[in-house]
Structure formats: structure tokens, C-alpha cells
Amino acid sequence: MKKLLPLLMLSLLACQPKAPQVLYQSEAFTLYPDRVVQGKYEAKAVSDHEITSNYQSPTSENFSREVVFKVSINEKDNEAPSGQDHWLLIGEEHESPMITFGEEPAPRPTGEAGFLPVNYAYIFRVDMRPVLQQFKEKGYYQAFDGSRVAKGDFKGFYLAGSADPLSWDWVNLHNKGLQLQDPDGDGIYTLDVIFNPYDENSHTLRTWKLEKDLSSKAHYHSDQPIVDALFNLSLEEALKNIEPDSTFRTGAKWGGVWTRDISYSIVLAFGFHEPEVAKISLMKKVKRDRIIQDTGSGGAWPVSSDRTTWALAAWEIYQTTGDTAWLRQAYTIVKNTLDDDFQVIRDAQTGLYSGESSFLDWREQTYPKWMSNMDIYVSENLGTNVVHATAHQLLANMAQELGLPGEVYAQRAATLRQGINDQLWQPEKGYYAQYRYGRSNLISSPRFEALGEALAVLFDVANEKQATAIFEKSPVTAYGTTCIYPQIPGIPPYHNNGIWPFVQSFWNLAAGRAGNEDALNHGLAAIYRAGGLFLTNYENFVAQNGDFEGTEINSDRMLWSMAGNLAMVHRVFMGMHFGGEGIHFSPMIPSGYTGTKTLTNFHYRDAVLDITVKGTGNKIVSITLDGQPLENATFPANLDGKHAIEIVMDNKPFHQGGIHLVPNHFSLPDPQVKAENGSLVWAPVKGAVKYQVLKNGKQVAETSETRYAVTVGNFAEYQVIAVDDQGWGSFASEPLILVSPDEVLQVEMETVAPKSGFKAVNFSGKGFVEISNTLNRSMDFSINVPEAGAWLLDFRYANGSGPWNTDNKCALRSLYVQDAYVGTMVFPQRGTDEWSDWGWSNSRMVNLAKGENKVSLTFAPWNVNMNVDVNTALLDYVRVIRIQE
């Protein structure tokens, strides 16, 4: 009997139901082969053409009674310094107390604020008489930072804030209906809003069922039904996004073609899924045989400069199609573009290129608030520079394919890669810095930037050791890899505090390439969780809670999100890489994704492939083509007809290096620094354990005080960083120049060229000059300096050609000193029709001889902007400051 007991126990155990297989599990959510579970919410793949989900955004249940906001003149953040916001703790009242513009608010309350009911009507009351009085008495309003809003430039007062329908999207406040009104003209402005808007009809059990005919497309089947269904959902959404003109729509809410969106989407998937649509879409982003930079900060290029993503997409199309006519066309376009960029955005000292973070094109979402569009032009970003380096290398490759000389572009690519590693690699952190920023002395922002890190691995900027470190040490959060880390305080989720599936997809591809199974598994789960629960490919979701609601702007059916979903099958599970020789296979399959995977009816050039992958791991045991061994695991590009490929993996885990999973974190606000009585002074930053003081880009002190003694004499540029108890620093404060007045020279531009009759106020001297496509295309003048040496040169200017966050009318000119080209001077837009909003151009360090120096400001061929027709600015004076080491 005793001998029978073990057998009986084994028999009983065998009858017990097996625990469901888990692909990924964390405290936040669990991914199973056929479903996603996140708390009380579940999405289930009923079949490969149907998914059900009971997900309901919890936003309305957690709508705080505390509302943080600011008042704006002309849709700009000009009421008070960063972090000094008004607040309300709404009880049962439906009207605010009187709020006076510019008045410093009381300290915000601590403790739980509670939650506001849905569809709560509320009226804001704001006293704008202090501004109106200055308009009447002075003709302008002078803001806290010394900037002036001319009465003639005034367009309206607006409310920006943290709670829907308020928004921190400053330049769209008018479009969002957030303009304050004064119907009785007493200077007291009001705004009626409905807080916590809620539509019950949008919060029900939802189902996705396949509607489109996908029979002509590739079909994927695996032992993970949730992956199969999301693959088909993405294929269907891609078909829905093809417009009548055979271009790709960017998203359900976003019509038209956007350069970076279409380019990254083509690189991920659509170069092989829809090559002809991809070609037509790319050509929509070409003008004058040059790539178009989408409208963006300060008037687009050269403030934004990631248009060269186009080159990556063009090359991918050639790799998948072998179309040499396309290659010749793309070569000309890319060459013209890169030749212009070489003149306008190259930093000869560092080898890096300037311009905004690639795709992170909303200034306040990734930069300190003090940075103007001029400052963004000056900055040197990781992701953008990786794109530039890759574009140069691909142009060299194109030239080689066409039998043309291209060595100069390969050399420029090498210089860029070296510059990225010299200037941005952080050995103490194990990943790259996001960008270099500042004014005359650039410093590194140590923040992590997911897309840039991933591209650095994928395009061979990072070496193998660096790639390993990036995935072991980079901070990732529960719902995925955030665009940046740590997050910026006081900025709502979008790029900041946001996770973007297309970025996650590039991160996953790079993690697979680096051989980090944990990072890849975490990243796959992030994509499939969102797709399953939300039943569409949203553009982004909130890092804090993984919700698609709560970001500043979002859309379903986003092109690059669906491209990323498709790429996980083609490039991860199938391991497909396209090259001149054909398709190289290198699957990288985490251990949980067991079983057999098939991709059938895949069209490649003149062939149709049925591909089978068996097992897991990242090492191939055997690969056959039509039953015969396939040399180099590469399907030849010149084969036609139908073929079968079978791949057997080694079923072994790969590289258990792990990932650095961390709680989401917000850095501190940057200090607001001013000079006072021989010292730098700043208000205490709550949470700061110390402050770092920088002089000319170098740390000179570390202190727990909020004052630092300085002397005014030779040029010095100071900044202060607040450091929290985890060692994360804030952004550096706005550079503060201290220099003796006798070290500064000024040349009024109306003494150089005829004074403009343009209506503007608040200028220096007796007037200003206008530059445009026809006016003052070249201006020569002299600067007389008392001593030879290095001098800093910039211009006070105005550009009211468009809003500061979009459009394409950034003005630019080339600077020559003693007939030698120094670089480009950039005059970004500062506000539509705001021609009295004066600011500073970028500065250039120039070496001047004692006495007279010939200076020229010229409209060179490479100074044509994206608008072409409008390239206009007003120049008040040129400022020259002596720099002494």
C-alpha cells in the first residue's frame, strides 16, 4: 500500500489543471499567450481576427480637485517664472475667487485633494487690469523676465493648465477654446469650462473584429494568439491609412504625410509591406530636390533638423526592392540635403550637428522652459546626430552602388560617430546623454533618451560593450521604456512622462541586437499590453499608469505604432534584415514565446516566401531553403517564385544581463538665478540636497546655500543645477552673462543699411533693418575692436512670420568675417505678427583683429528655408562681447 501512495499522488497531480503559461509578469500587468490582464481589466484574443477588451480609462475616476494653471498673454508662458503657478482646490463651488495676473500664489496645499465629479461646470475669474494699465501707460507690458509684449502685438489672454479641458499646449490655447473673455469691458476676464468631461457611451466593453480582406497580405500564425491578432489588427489599420492618392495617412486624427513619421514607419515595416505606397509618401516630402523638414519649433529647419530620417527610409526601400531608378532619385535628394546641412548646422569643433531632438519636437516636453528656439537650434542631440551620421553613411553607400565618389560622406559619418562618443557618452551611467545645450558654453544633459540610445545601437554608433551597458543600465519603467528619464516636473504627459510604441519598437530591436533577452521581453510586453487593452495602435500613453487617456495629444491608428507592431513579427520573431544580397535571417525569440511560428505569403521582390521558425533563442541550429541548407542564413535577392524557408532555433536563453527596472521619477525644477549685490542668488528648490554652480560650462562649486559670490569683469556665463536625494540634477538654469560694460560693443543695424519702415516698437537706437528674399540680401559692415582675440557675436532681432512652435519661416543668413565663412545666423519665428517681440539670434565666436574687421551677413544658397518664399526678420543691432580665457 505504501508503494502505491506515490503513484496515486502523481496521478492526482497529473489531473490538476496546468497553470496558464505566462509570457511576462509584473506588479503592473501580466501578458499571457492569448490575453493581457491589468488589474480588473482584461483583453483576450478570441481568434486571430477578434479581440475583446473591457478596458476603461480610469481618468475620470481620478480627476483631482486640485487644478494648477497660469494666465497667458498671446499664448505664451509669460505670467511668472517656471514653477510659480496658480492653484485651486475646488470644493462645492462653481466659480473661482478673483485671480490677479502676475500675483504670486500662496503655497500649494499638502495631502490628498480628493476627486472631482464628472462634467463639473466651473468659471474662472481673472483680473487683467495690471496688464491693461501698462498697455495704456507704456504701450507695452513688461513680463517678469524683462520681455515686452507690445500693445500693437496683443491678441488675447488665455488660460493654460493641468486639468482637461485646460492644457499646457501654449500655442494651441486659442484652438482649444481657452481664451478669456471680458464682455463688459471692466478688465475682469472670465472663462467657462467643464472639468472632468465624461461620455458614458465611450466606456463600454469593446471588440475588434477584422473587417478588411487581408488575403493578399502576409499571414502570421504562432502559439501566441494575442500576437497573431495584433499583427492582423495592425495590417488592417495600415490598409485603412492608405489615402486615395496612395500615400500613408499619419493617424486616424492626423491627415497628410510627415517626414519623420513616414520615415521611421518605413524603416520599421512599410519598406517591405507597402514599398510603392512608401515611395509615393516619401516623395511628398521633397521640394527643390531636398528633403522637407516638417513645420516645427520656430519655423522648422534648421531649428528642427531631423529631416534626414528620410534617407534611412529611402535606403530601406532600395534594400527591399532593388530599384536602381529609385536609388538614383534618392541619391540626388539626400546629397543636396546633406550638403546644405553641412553649411548650416555642423559644429566644426565637436563634429556634431545642431538641432532639435528627433521626433521630440515639442519644446517644453524635453527642454527647459528658458530655452528659446534659437537655443534649440544651438543644441546638439543624440538621436538627431545618430540620424545624421547614418544618413551620411547611407549616402556613401548609395554613391558606391551607383559608381559615384562618396568617400567624403563616409568620412563625415565617421566624424559624427566619433563626436557622439566623445561628447555624449557617459561611462559612469552606461548610456549616452540626451543632448548638449546652453548658449556660448554647451553642457551635457545627462537625461536618458530612448530613441537615440536605440538608434545608436542599431546604426553602429555604440560598440558592443556600450550596447551591452545601455540595456543593462538604462532606466526603464513598469509600462515600458519612457521617451526620456527622469521626467520633467510640471509638464504634462506626452513626450515627457510618456511611452511611445514606435520608440519602444526601436528599443526592442536594439535590445535583441545587443542580446539582452530581459530587455526584449519587457519591451514586447509593453507593446502587446497596450495594443490588446486599447484595441488599436495609439501613438502614446502615460508612463505613470499606462493609460492612453491623459496625454496632451493622442490618436488611434497611428502609422508608426502599427509599423512597430508589425516589426516585432518580421524583425524579431522572423529575424528579417534586408540587404543587397537578400534577406538575412537572425531571429531573437524570448524563452516564453515557445512553439512554431509561420509567416506565409510574404512577397519579396519577385519571390513569395513561406517562413517557419521553430523554438526560441537567438542562435540558429539549422536553416533550409526548399529543404536544402541555406548558406549564410540569407535568402538570395535574385530568386523568384514560391519558396519555403525553415529555421530551427537552439531553445536556449540569451544573455541574462538583466534590465534596470525603476520607479518613474521626476527631476527638480531648474533654479531661477539672478545677480544681486555681487552674488548669484536663487530661491530654494524644494527637494534639493545641494546645488552645482557652473561657470562657462564647468562646475566651479557645490553648495547647500542659495547664494554664490561672483565678480563682474571679464565675460563669464553662470548656471546653477539643483540636485535631488537620488543624485538626479535639474536642468541647468538659464545662462546668466556677467561682463563689464566696456567689454561689450554694439553696432546699430540702421547705420549699416537703410532703416526699415516696418511698424515695430521697443527697438534700440533710431530704427532697424529688414532682411528678406529681396531686401538686404547682403550687408557689409565693420566692427572696430580695441584688442585682438575671441569675441562673441549675435544679433537682436524680431520675426513675426509665424508662431513659435510651428510653421516653416525661420529666417537665416550666412556670417563672414574678413571674407571667411564663420557659420549661419538663425532668426527663428517668435509669434505670428509679433514684430515687436525682440530676442537674440544664436551667437558665433569670431576671432577679430585689433581695429577694423570686415563683417558680412549674406543670403547664401544654403540659407533657403523650408517655406522658400518667406525668409524675413528685423535686425535691431549686432552685439559683440570680448571673450578672455
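Structure: above.
Residues numbered from 1 in each chain as written. Predicted model: local features only at pLDDT ≥ 70, side-chain atom pairs only at ≥ 80, totals over all residues. Heavy atoms only, no water.

1. Re the overall build of the protein chain
Along the protein chain, the regular secondary structure elements total 16 helices and 53 strands. For the C-alpha atoms alone, the extent of the protein chain along its principal axes is close to 100 × 75 × 55 Å. Looking at the protein chain residue by residue over its 885 residues, the buried ones come to 60%. Look at the contacts in the protein chain between residues 6 or more apart in sequence, and 72% of them connect residues 24 or more apart. Counting only carbon and sulfur atoms, one obtains 49% of the accessible surface of the protein chain, whose full area is about 34300 Å². (Helix = DSSP H or I, 4+ residues; strand = E, 2+ residues; numbered from the N terminus. Buried < 20%, exposed > 50% of the residue type's maximum accessible area, 1.4 Å probe, protein only. Contact = heavy atoms within 4.5 Å. Areas by Shrake-Rupley, 256 points an atom, 1.4 Å probe, with all protein chains shown as cover.)

2. Examining the sheet that holds strand S39 (residues 690-695)
An order of S40-S39-S42-S43 is seen for the four strands of this open sheet, with the pairing classed as antiparallel. Pairing within the sheet leaves two strands with one partner each, and these edge strands are strand S40 (698-703) and strand S43 (736-738). Geometrically, the sheet is characterised by an average inter-axis angle of 30° between neighbouring strands, direction not taken into account. By the bridge criterion, six bridges tie S39 to strand S42 (residues 716-723) in an arrangement that is antiparallel. What sits directly across from Val-693, in S42, is Val-720. (Pairing = 2+ DSSP bridges. Axes fitted to C-alpha atoms, helices over the stretch in contact; angles between N-to-C directions.)

3. A word on helix H4 (residues 259-273)
Between the first and last C-alpha of H4 there are merely 18 Å, a value that for 15 residues lags more than 12% behind the 21 Å anticipated at 1.5 Å per step. At Val-267, H4 shows its maximal bend, which comes to roughly 75°. In terms of burial, H4 is largely enclosed, as 15 of its 15 residues are buried. (Expected span 1.5 Å × (residues − 1). Bend = angle between axes of the 7 residues up to and from the residue.)

4. Comments concerning the pairing of strand S35 (residues 641-649)
Here strand S31 (residues 607-614) runs beside S35; their pairing, made up of eight bridges, is parallel. Residue pairing across strands places Val-613 opposite Ile-647, the latter belonging to S35. Pairing of strand S32 (residues 620-625) with S35, which is carried by five bridges, proceeds in the antiparallel orientation. Paired with Ile-620 across the two strands is Met-649, which belongs to S35.

5. Observations concerning the sheet that holds strand S38 (residues 679-682)
Spatially, S37-S38-S41 is the arrangement adopted by the three strands of the open sheet, whose pairing is antiparallel. A strand with exactly one partner marks an edge of an open sheet, and here the two such strands are strand S37 (673-676) and strand S41 (707-709). Neighbour-to-neighbour, the strand axes of the sheet open up by a mean angle of 25°, direction not taken into account. Relative to S38, S37 runs antiparallel, the two sharing four bridges. Bridge assignment links Glu-676 to a residue of S38, and that residue is Ser-679.

6. Considerations on the packing of H4 against helix H14 (residues 501-514)
Packing of H4 against H14 leaves a shortest axis separation of 11 Å and a crossing angle of 45°. With respect to their mutual orientation, H4 and H14 come out oblique. The two elements H4 and H14 cross, and the hand of that crossing is left-handed. Between H4, through Tyr-264, Val-267 and Leu-268, and H14, the contact on the second element is made entirely by Phe-502, Ser-505, Phe-506 and Leu-509. Looking at the contact of H4 with H14 residue by residue, the class counts come to six nonpolar, one polar and no charged. (Parallel < 35°, antiparallel > 145°, perpendicular 65-115°, else oblique. Left-handed = near helix turned anticlockwise from the far one by under 90°. Nonpolar A, V, L, I, M, F, W, Y, C, P; charged D, E, K, R; others polar.)

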